[in-house]
Structures are given as structure tokens and as C-alpha cells.
Amino acid sequence: MANTITGVAASPGIALAKVFRFTNTPYIPQKQTIADAEAEAGRFRQAIEKSKGEIEEIRVKTEQRLGAQKAEIFEAHLFLLEDPDLVDSVLDKIADEQSSAEYALYEVTTAVVEMLLELDNEMVRERAADVKDVSGRLMSHLIGKPYASLSGISEETIILAEDLTPSDTAQLDLNYVRGFVTEVGSRTSHSAIMARSLEIPAIVGAGAASAAVADGVMVIMDATEGKVIVDPSEEVLAEYREKKKQYDERRVQLKRLAEQPSVTADGEHLELAANIGSIEDLGKVLENGADGVGLFRTEFLYMGRSSFPTEEEQFQIYKHVLEKLNGKRVVIRTLDIGGDKELPYLELPKESNPFLGLRALRLCLKREDLFRTQLRALLRASIFGKLNIMFPMIAVLSELREAKRILEEERAKLEQEGVQVSSAIEVGMMIEIPAAAIGADFFAKEVDFFSIGTNDLIQYTMAADRMNESVAYLYQPYHPSILRLVNMVIKAAERAGIWAGMCGEMAGDQTAIPLLLGMGLNEFSMSAGSILPARELIGHLSKQEWASLSEQALAMSTQEEVQQFVKQRRPI
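Because the structure is a prediction, the values reported are computed rather than measured.

Conventions we followed
Residues numbered from 1 in each chain as written. Predicted model: local features only at pLDDT ≥ 70, side-chain atom pairs only at ≥ 80, totals over all residues. Heavy atoms only, no water. Helix = DSSP H or I, 4+ residues; strand = E, 2+ residues; numbered from the N terminus. Rg over C-alpha atoms; globule rule 2.2 N^0.38 Å. Buried < 20%, exposed > 50% of the residue type's maximum accessible area, 1.4 Å probe, protein only. Contact = heavy atoms within 4.5 Å. Areas by Shrake-Rupley, 256 points an atom, 1.4 Å probe, with all protein chains shown as cover. Salt bridge = Lys/Arg side-chain N within 4 Å of Asp/Glu carboxyl O. Axes fitted to C-alpha atoms, helices over the stretch in contact; angles between N-to-C directions. Parallel < 35°, antiparallel > 145°, perpendicular 65-115°, else oblique. Left-handed = near helix turned anticlockwise from the far one by under 90°. Phe/Tyr/Trp six-rings, centres within 6.5 Å; stacked < 30°, edge-to-face > 60°. Pairing = 2+ DSSP bridges. Expected span 1.5 Å × (residues − 1). Disulfide = S-S within 2.5 Å. Polar contact = N/O pair within 3.5 Å; in protein donor to acceptor, adjacent residues only side chain to side chain. Core = buried A, V, L, I, M, F, W, Y, C linked by side-chain atoms within 4.5 Å.

Undergrad: Whenever I open this one, the overall build of the chain confuses me. Can you help?
TA: From N to C terminus, the chain includes 22 helices and 16 strands. Here the C-alpha radius of gyration of the chain, 25 Å, is about what a compact globule of 572 residues would show, namely 25 Å. The burial tally for the chain puts 53% of its 572 residues in the buried class. Residue pairs at least 24 apart in sequence account for 68% of intrachain contacts in the chain once pairs closer than 6 positions are excluded. Accessible surface for the chain amounts to roughly 25000 Å². Of this, 49% is attributable to carbon and sulfur atoms.

Undergrad: Please explain the pattern of salt bridges as it appears in this structure.
TA: One side chain can pair with another of opposite charge once the charged atoms of both are near each other. On inspection of all chains with the given rule, the structure shows 38 salt bridges. Its salt-bridge partner being Glu239, residue Lys243 comes within 3.5 Å of it at the nearest N-O pair. Taken together, the residues Lys243 and Glu239, both in helix α9 (residues 234–255) and four residues apart, mark about one turn of the helix. Since its relative accessible area comes to 30%, Lys243 is described here as partly exposed. Using a relative accessible area of 41% as the deciding quantity, one classes Glu239 as partly exposed. A salt bridge links Lys255 to Glu287, with the shortest nitrogen-to-oxygen separation between them at 2.8 Å. Note that Lys255 is positioned in helix α9 and Glu287 in helix α10 (residues 282–287), a separation of 32 residues in sequence.

Undergrad: What should I look at first to understand the packing of helix α13 (residues 368–381) against helix α14 (residues 397–416) in this one?
TA: Geometrically, a packed helix pair is captured by the angle between its two axes and the distance between the axes. As a packed pair, α13 and α14 sit with axes 9 Å apart at the nearest point and diverge in direction by 55°. One finds that α13 runs oblique with respect to α14. At the point where α13 passes α14, the crossing takes the right-handed sense. Along the contact surface, α13 presents Glu368, Phe371, Arg372, Leu375, Arg376, Leu379 and Arg380, while α14 presents Glu402, Ala403, Arg405, Ile406, Leu407, Glu409, Glu410, Arg411, Lys413 and Leu414.

Undergrad: How should I be thinking about the packing of aromatic side chains in this particular structure?
TA: Pairs of aromatic rings are described using the distance from one ring centre to the other and the angle between the two planes. Considering all chains together, one arrives at six aromatic pairs under this definition. Residues Phe371 and Phe391 carry aromatic rings whose centres are separated by 6.0 Å and whose planes lie at 65° to one another, so their mutual orientation is edge-to-face. Note that Phe371 is positioned in helix α13 and Phe391 in strand β12 (residues 386–391), a separation of 20 residues in sequence. Comparing Phe371 with Phe391, the two get one shared label, buried.

Undergrad: Quick question: what am I supposed to make of the sheet that holds strand β11 (residues 329–333) here?
TA: Pairing between the strands of a sheet comes from backbone hydrogen bonds, and it takes one of two forms, parallel or antiparallel. If you trace the eight strands once around the closed barrel, you get β9-β10-β11-β12-β13-β14-β15-β16, paired in parallel fashion. Averaged over all pairs of adjacent strands, the angle between their axes in this sheet comes to 25°, without regard to strand direction. With four bridges joining them, strand β9 (residues 271–276) and strand β16 (residues 523–526) adopt parallel strand pairing. Bridged to Glu271 within β16 is Glu523.

Undergrad: How do you make sense of α13 when you look at a structure like this?
TA: One turn of the α-helix equals 3.6 residues, which is why residues spaced by three or four share an orientation. The terminal C-alpha atoms of α13 lie 20 Å apart, and with 14 residues this matches the ideal 20 Å at 1.5 Å per residue to within 8%. Of all 14 residues making up α13, 11 are buried, and the element is well covered by its neighbours. The complete set of buried residues in α13 reads Leu370, Phe371, Arg372, Gln374, Leu375, Arg376, Ala377, Leu378, Leu379, Arg380 and Ala381. For α13, the elements touching its buried residues are α11 (311–325), β11, α12 (360–366), β12 and α14.

Undergrad: Any chance you could explain the state of the cysteines here in plain terms?
TA: Throughout this description, disulfide means a covalent bond between two cysteine sulfur atoms. On inspection of all chains with the given rule, the structure shows zero disulfides. Distance from the sulfur of Cys503, which forms no disulfide, to the nearest cysteine sulfur (Cys364) is 16 Å.

Undergrad: In this structure, what is going on with the side chain of Asn388? I would like to understand it.
TA: The residue Asn388 is located in strand β12 in this model. One polar contact links Asn388 to Glu426, side chain to side chain, over a distance of 2.9 Å. Discounting chain neighbours no more than four positions away, the residues touching Asn388 are Arg329, Val330, Val331, Ile332, Glu426, Phe449 and Trp499.

Undergrad: I keep staring at unusual backbone geometry and nothing clicks. Help me out?
TA: Leave glycine aside and you will find that most residues have negative phi; peptide bonds, for their part, are mostly trans. Its identity as a non-glycine residue notwithstanding, Gln98 has a phi of 55°, on the positive side. Within the secondary structure layout, Gln98 lies in the loop between α3 (84–97) and α4 (101–117). With phi around 50°, Asn326 is a residue other than glycine that occupies positive phi space. Judged by relative accessible area, which is 68%, Asn326 ranks as exposed.

Undergrad: Any chance you could explain the environment of Tyr460 here in plain terms?
TA: As for its placement among the helices and strands, Tyr460 is situated in helix α17 (residues 454–462). Taking the C-alpha atoms as reference points, Tyr460 and Gln564, 104 residues apart in sequence, are found 25 Å from one another. Those residues in contact with Tyr460, other than ones at most four positions away along the chain, are Phe355, Leu356, Arg359, Met393, Glu432, Ile433 and Pro434. Engagement of the side chain of Tyr460 in a polar contact is seen with the side chain of Arg359, the distance being 2.7 Å.

Undergrad: I'm lost on the nonpolar core in this one. Help?
TA: Across soluble globular proteins, you tend to see nonpolar side chains buried next to one another. Formed by 98 residues in total, the largest nonpolar core has its most connected members in Phe391, Met429, Phe450, Ile452, Val486 and Phe524. Counting residues per element, this core draws most heavily on helix α18 (residues 480–496), which supplies eight residues. Discounting residues that sit within four places of it in the chain, Met429 has contacts with Met390, Phe391, Ile394, Leu400, Ala436, Phe443, Val447, Phe449, Phe450 and Ser451. Residues Leu86, Ile94, Met139 and Leu142 belong to the second largest nonpolar core, which totals 31 residues.

Undergrad: Sorry, what's going on with the pairing of β11 here?
TA: Look at any regular strand and the pattern is simple: side chains alternate between the two faces of the sheet. The element β11 is largely enclosed, with a buried count of five among its five residues. By the alternation rule, side chains of β11 split into Arg329, Val331 and Arg333 and Val330 and Ile332, which are all buried. Bridging between strand β10 (residues 293–297) and β11 involves three bridges; their strand directions are parallel. Counted as the bridge partner of Val293 is Val330 from β11. As defined by bridge partners, β11 adjoins β12 across five bridges and the pair is classed as parallel. Along β12, the bridge assignment pairs Arg333 with Met390.

Undergrad: Please clarify how the side chain of Arg380 should be interpreted in this entry.
TA: Along the polypeptide, Arg380 turns up in helix α13. A polar contact is formed between the side chain of Arg380 and the side chain of Glu312, at a distance of 2.9 Å. Once residues lying within four places of it in the same chain are set aside, the contact partners of Arg380 are Glu311, Glu312, Phe315, Leu414, Val419 and Gln420.

Undergrad: What is the right way to read α9 from this model?
TA: With 22 residues, α9 should cover 32 Å at 1.5 Å per step; its first-to-last C-alpha distance of 32 Å lies within 8% of that length. Here the buried face of α9 lies against β3 (14–22), β7 (218–222), β8 (227–230) and α20 (531–538).

Undergrad: For this particular structure, what's the right way to read the sheet that holds strand β5 (residues 177–182)?
TA: The strand order across the open sheet formed by eight strands is β1-β8-β7-β3-β4-β5-β6-β2, and the pairing between neighbours is mixed. Of all the strands in the sheet, the pair left with one neighbour each is β1 (3–6) and β2 (8–11). Taking each pair of neighbouring strands and ignoring which way they run, the sheet shows an average axis angle of 30°. Where β2 meets strand β6 (residues 202–204), three bridges bridge the pair, whose relative direction is antiparallel. Directly across from Val8, in β6, lies its bridge partner Val204.

Listed below in C-alpha cells is the structure:
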């Protein structure tokens with residue numbers, strides 16, 4: 001008898017196959033006293049070296065398959081194996097308490113995992129998975145058993161597991177693995193990010209119900225809607241085989257739009273750009289026919305490593321992106337560290353509310369050395385394409401003016417050194433703080449463009465942490481209050497004669513796109529996979545018609561009213 005399990009759609013697609021139940025039950029050692037602490041410490045160090053070799057091999061394979069950015073997680077795993085807080089704590093416990101290496105490792109890593117899971121920040125909590133992964137691998141060497149792996153799967157299957165570690169996901173054989181479902185996790189968990197890179201269906205956070213599904217049972221996973229149908233009837237299987245066929249055909253049809261311009265039904269040209277985090281993302285950007293890069297998140301160049309990237313390293317990366325885009329606009333955001341993005345080697349002070357603390361441009365203005373290095377790299381690269389520089393997290397005009405002052409100082413220094421710098425660089429800012437949206441009219445006089453960062457703008461406006469499941473209902477992109485702020489920014493840009501874009505998730509949202517078009521948004525920047533569906537939709541929309549409809553939506557009272565209004569009038 002079929003039953004349906006629901007979860008979070010982390011990577012879209014439809015798959016039909018039998019379950020492969022993956023269990024990697026952690027080994028829990030008994031406490032025991034050992035006679036030779038030095039020998040025990042030697043066993044632990046040997047386990048570290050073996051684990052390093054295995055992880056380095058996985059890192060290389062992941063880089064070959066998915067690119068350097070996706071392999072960075074394994075740099076972090078290698079970093080953990082050299083982390084004195086972890087390694088020395090285990091060695092101290094062996095020496096001071098005469099504990100076995102297994103028990104010392106278990107006690108130390110269990111305490112670290114529990115501490116991480118108690119924190120409010122979901123991104124930080126998810127690092128507990130990294131500690132579990134690394135400690136599990138170490139434990140396997142200490143007890144002399146192979147670490148559980150998914151690399152040996154040899155038939156079509158859908159994996160069900162409590163969770164998948166980064167090394168689990170990196171070893172999936174896509175000739176056989178059709179998708180995976182996990183009991184825990186979110187769209188931002190490592191396994192979800194990996195799934196989107198691999199372009200396989202994934203559902204996370206399916207809960208305890210998925211734990212009851214037995215190995216070998218036939219399931220259907222509809223990762224477009226976030227549901228798993230267990231033991232379906234032949235009729236339901238036939239229905240979903242047809243759905244999968246239609247889904248796959250639609251993906252092929254959409255690819256034909258990659259070479260087409262982004263034009264509305266009434267002839268208005270728009271810019272559909274892509275958000276990227278590294279040069280490895282460029283393949284998907286070009287494959288999906290993006291009109292440019294609307295957001296290059298440069299913080300990922302700083303993450304997954306043990307020191308700051310040099311000016312030359314950054315220059316080469318920015319140059320490469322600009323050259324690959326071949327004259328199309330590339331908006332590069334300056335370093336946006338803080339909040340849910342941390343650099344262990346930066347050693348920032350702990351804050352009770354890091355999302356409202358020393359982050360992004362605020363940090364750059366405090367650490368001018370970092371900021372100036374990045375700006376020099378950007379300015380040097382500017383002659384290789386159409387560069388736009390964007391400052392994040394601006395609340396007051398003085399921050400913008402200070403950032404521009406430092407930028408101009410570095411331009412002058414480079415020119416004095418005889419380094420060529422483009423004279424056509426546009427300088428803009430993200431609008432992600434309500435104060436900036438409300439004051440968009442005076443900011444517009446001092447920048448060349450706006451890019452609306454709705455991910456943060458929504459959570460700040462609604463006073464609701466977007467990572468907190470308890471208040472998830474308040475994360476409402478179509479709420480009239482949010483729409484009015486967005487409209488305020490677009491109209492301020494129009495009056496000042498500058499362009500306005502959007503680089504938050506809302507820019508690729510099929511419900512939001514008609515409204516944003518009607519408000520007059522010039523550039524929509526989104527994940528590369530959303531570009532072709534957005535281009536298809538825009539081709540069916542009249543800007544003139546939606547200008548009137550958007551005004552009606554702005555006068556509504558609830559998100560639900562707006563959603564229903566758009567659904568009834570959107571042509572596809």
C-alpha cells in the first residue's frame with residue numbers, strides 16, 4: 001500500500017527506483033584504560049595520516065568532476081585533521097586519562113558536535129556533519145574496519161539515509177544513483193548543494209517517516225514538489241514515468257532558449273544574469289545563455305582555505321571571469337563575510353547576533369588591508385571586460401562614501417604605478433537593509449546601479465531569521481510590505497537615471513517575475529538553472545500589462561492575496 005513522505009525539495013527532478021538503505025551507524029567505544037599512552041597516541045596519529053590520504057584522494061576526484069569550489073569542503077576536512085583544538089584535545093585525553101584512542105576521539109568529537117548543534121545559526125550547525133564525517137573516518141581506521149562508502153553501488157537506486165556527508169555525496173556513481181532522500185538537512189546543507197551541482201534529484205529533511213522505508217522497496221521521488229511515494233501501484237508508476245518523460249523533455253526544450261534574447265511579449269529587452277560563487281560555475285552560466293553575471297559572491301574565494309587569497313590570486317580569477325563573459329556585464333560583490341559565513345583564520349570576535357554585526361562592508365572598512373587588496377585586484381582586472389563593482393550591506397551614506405573613497409585611492413595608486421585601469425567601471429550597492437531601501441532616493445545620486453538583495457531584505461524587514469524553521473512562515477517574498485520596498489527602490493533608480501537589478505532568490509521566482517517586470521526592474525540575477533524557465537516566462541508577459549497589475553498587487557494586504565492574484569493572471 002503506497003504512502004507519501006514529504007520533505008524539502010533540495011534539487012529538482014523526478015526519479016523512480018528501488019531504495020538503497022544507507023546506514024553509517026557510528027561506532028561507540030567502551031571506556032577502557034590503556035597501559036602505553038605513547039603507543040596509543042601513535043595509533044591516533046597513524047589514523048590521521050591514513051584519513052588525510054583518503055580525503056585528499058576524494059578531494060582530487062571531486063575537483064575533477066565538480067570543480068575546485070565544490071572540492072573546498074574537503075580542504076576543510078583536511079584542516080580539521082590538523083586543527084589543534086581537535087587533535088590536541090584527543091592526545092591530551094589519551095595522555096592525561098590513559099584513555100584508548102577510540103574513546104578519547106569519541107568523547108572529544110561528541111562534545112564538539114553537541115556544541116555546534118546547540119547554536120542558533122543553521123549554517124554553523126551544519127558543520128557538525130563535517131566533524132561527524134572526519135571522526136567517523138578516523139574511527140574506522142582505529143577499529144580496523146572500512147569506512148562505509150556509496151561508491152560500490154552497481155544498479156539503479158534511490159538512496160535513503162539519515163544524512164549524507166560531503167564525502168558520501170562526492171562518491172555517488174551517477175550511472176546508477178538516480179537521487180537521494182535524507183531524514184535531516186536543509187537546502188543549504190552540503191549534500192543539497194552537491195546534489196544541485198550534480199543535477200540529481202534530492203529531497204532533504206524528510207524526517208523519521210523515511211527511516212521506516214525498507215531496503216529494496218520501490219519508490220518514486222518527486223523532487224520538484226518534495227515528496228516520496230513508497231511502494232506505488234503500477235498505475236502511479238505509469239503516471240510518474242510519463243511525468244518524468246515530460247520533465248526531461250521540457251529540460252531539453254528549454255535549452256533551445258539559451259541562444260535567444262530575453263524579450264517580453266511586447267518587445268521589452270531585459271537582462272537575465274546569473275549568480276556565481278567561483279569560476280567553476282561559469283560552465284552552467286554559459287550553457288544556460290545568461291546575459292551576464294549579476295552577482296559574483298567573492299567570499300567563496302576566501303572560504304575553505306587557511307589564509308587570505310593574495311592580490312594576484314584574486315586578479316587571475318576576476319580576469320578569467322571577465323574574459324569568459326566576453327564583454328557581458330559582470331557584477332562583482334566585494335567581500336561579504338560575517339553572519340552565516342565565517343573565516344576561521346580571520347578570528348572575528350564572537351557576536352550574539354552576527355547577522356546584525358560586523359559583516360560585509362562594515363568588516364571591510366574595519367580591515368582596510370583586506371579591502372584594498374581586493375579592490376586592487378578588481379581594478380587591475382577591469383580592462384579585461386565589463387566590470388561592475390558592488391558594495392554589500394550598506395545602511396548609511398557615510399559607508400558608501402568611505403568605500404568609494406578607498407576605491408578611488410587605489411585607482412590613483414595603480415595609475416601612478418603605470419597599471420592600466422578601465423575608465424568605464426560602474427560602482428553600485430546592494431539594497432538589503434530596509435534603511436537603504438527607504439533612503440534609496442539619496443543613495444541613487446551617488447551610485448551607478450542598485451542590486452536588491454532580497455534574501456536579507458526580507459528577513460530584516462520581517463524580523464524573521466530565514467534559517468529558523470520556527471519563523472519560516474514569516475519569510476514572505478510576496479508580502480505587500482516587501483513588494484512596496486522593492487518598488488520604492490526601482491522607482492528611485494528610475495528617477496535618478498540609473499539601472500536597478502535584483503540578485504536575491506526572488507529574482508528567479510516564477511510568481512515574483514511578473515510583478516518585478518511590471519515595477520520596471522532592469523536586471524534579474526538568479527541561479528544559472530533558473531535562467532531558461534525565467535526567459536520562457538518573460539517571453540509570455542507584457543510589461544505594459546503587468547505595470548498596471550503590479551500596482552494592484554501593491555495595494556493588497558497579504559502574501560496569499562498576491563499569490564492568488566498572480567496565479568490567476570500569469571499566462572504559464
